[in-house]
Each structure stands twice: as C-alpha cells, then as structure tokens.
Amino acid sequence: MSNVQLFISAVLPTLAVLVGILLNNLRMNDLSAQFNNRINDVNNRINDLNKRIDELRAEMIGRIDGLRDTLRAEMAQMRAELRAEMAQMRSEMTQNHSEIMTRLNELESRVSQLERAA
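Residues numbered from 1 in each chain as written. Predicted model: local features only at pLDDT ≥ 70, side-chain atom pairs only at ≥ 80, totals over all residues. Heavy atoms only, no water.

Remarks on the overall build of the protein
Quick reminder of the rule: Put simply, DSSP H or I for four residues or longer makes a helix, DSSP E for two residues or longer makes a strand, and each gets a number counted from the N terminus. Taken over C-alpha atoms, the radius of gyration is set against a globule rule of 2.2 Å times the number of residues to the power 0.38. Exposure categories follow from relative accessible area, calculated using a 1.4 Å probe and restricted to protein chains: below 20% of the type maximum is buried, above 50% is exposed, and the middle band is partly exposed. Only four residue types enter the charge count, namely Lys and Arg as positive and Asp and Glu as negative; His and the chain termini do not. In plain terms, the charge of a residue is placed at NZ if it is Lys, CZ if Arg, CG if Asp and CD if Glu.
Tallying secondary structure elements over the protein gives one helix and zero strands in all. Here the C-alpha atoms of the protein give a radius of gyration of 50 Å, more than 25% beyond the 13 Å that 2.2 N^0.38 yields for 118 residues. The buried share among the 118 residues of the protein stands at 0%. The averaged location of the 16 negative side-chain charges in the protein is 6 Å from the averaged location of its 15 positive side-chain charges.

Structural data, given as structure tokens:
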C-alpha cells in the first residue's frame, strides 16, 4: 500500500466525520435559533397580555372610582331628602301636638262645667 492510499484511507473517513459534525452543529444552531425565536414570541405575547391586564385593571379602577363617587353623591342626596322629610314630620308632629293639647284643654273645661252643673 502506498502512502497516498494510506493517506486517503485515513483522511477520508476523518474528513467525512468532520463534515458530519459541522452539519450537525449547523442544524443544532438552526434549532437553537428557532427555539430562541419561539421563546421570544412567547415572551412578547406574555408582555402584551400583561399590558392588556394593566389596561383593564386601570379601566376597572376608574369605573369603580366613578361608581363610588356616584354612590356617595346619591347617598348624600338621599340623606338631605330624609333630613328634610324628618324636619317636616317633626313640624307636623309639633303642630298636631299643640292642636291635641288645645282640644284636651277644651274637653277638660267642658267636663269641669258639667261636673259643676250636676
């Protein structure tokens, strides 16, 4: 066997293995890049969802604040109306009390006159 044949028989398989390793390395780099792209896409989607959740949270807080302010205003109005109605009822009760006391005095004086006449 000549030196050339020996060189070819030793170098060709080694060269084939090295080419295979390079091809596998390239394929693994491609897969790694695809994997990284997919992870970045998922991260972007998660970030978008977080932004949307923050927007919804801010919107809900705004709505709740608005409802709270509306409720407070309505409650204040109802309190004012109730106070006005209570004041009117007190006035009517005082007036009725005065009328009743006047009539009771009249009845007492009539009963006293009847007792004296009898």
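What about a nonpolar patch on the surface?
Formally: Like charges are joined within 9 Å and nonpolar side chains (Val, Leu, Ile, Met, Phe, Trp, Tyr) within 5 Å, but only among residues with over 30% relative accessible area and no salt bridge; these make up the patches. All accessible-area figures derive from a Shrake-Rupley calculation using a 1.4 Å probe, and residue coverage is judged against the displayed protein chains alone. Salt bridge, as used here: a side-chain nitrogen of Lys or Arg that lies within 4 Å of a carboxyl oxygen of Asp or Glu.
The grouping of Val4, Phe7, Ile8, Val11, Leu12, Leu15, Val19, Leu23 and Leu26 at the surface amounts to a nonpolar patch, some 830 Å² of accessible area in total. Locating Val4 in the fold gives a position in helix 1 (residues 3-117). Overall, Val4 belongs to the exposed group, its relative accessible area being 54%.

Some points on the pattern of salt bridges
By the definition in use, this model includes four salt bridges. Its salt-bridge partner being Asp54, residue Arg57 comes within 3.2 Å of it at the nearest N-O pair. You can see Arg57 and its partner Asp54 sitting in helix 1, three residues apart, about one turn around the helix. What makes Asp54 partly exposed here is its relative accessible area of 43%. With a shortest N-O distance of 3.0 Å, Arg63 and Glu59 are connected by a salt bridge.

With respect to the environment of Arg45
Take Arg45: it is sitting in helix 1. Sequence separation between Arg45 and Leu71 is 26 residues; the distance between their C-alpha atoms is 38 Å.

Some points on the environment of Leu15
With respect to the helices and strands, Leu15 occurs in helix 1. Residue Leu15 is classed as partly exposed on the basis of its relative accessible area of 46%. Placed 33 residues apart in sequence, Leu15 and Asp48 show a C-alpha to C-alpha distance of 49 Å.

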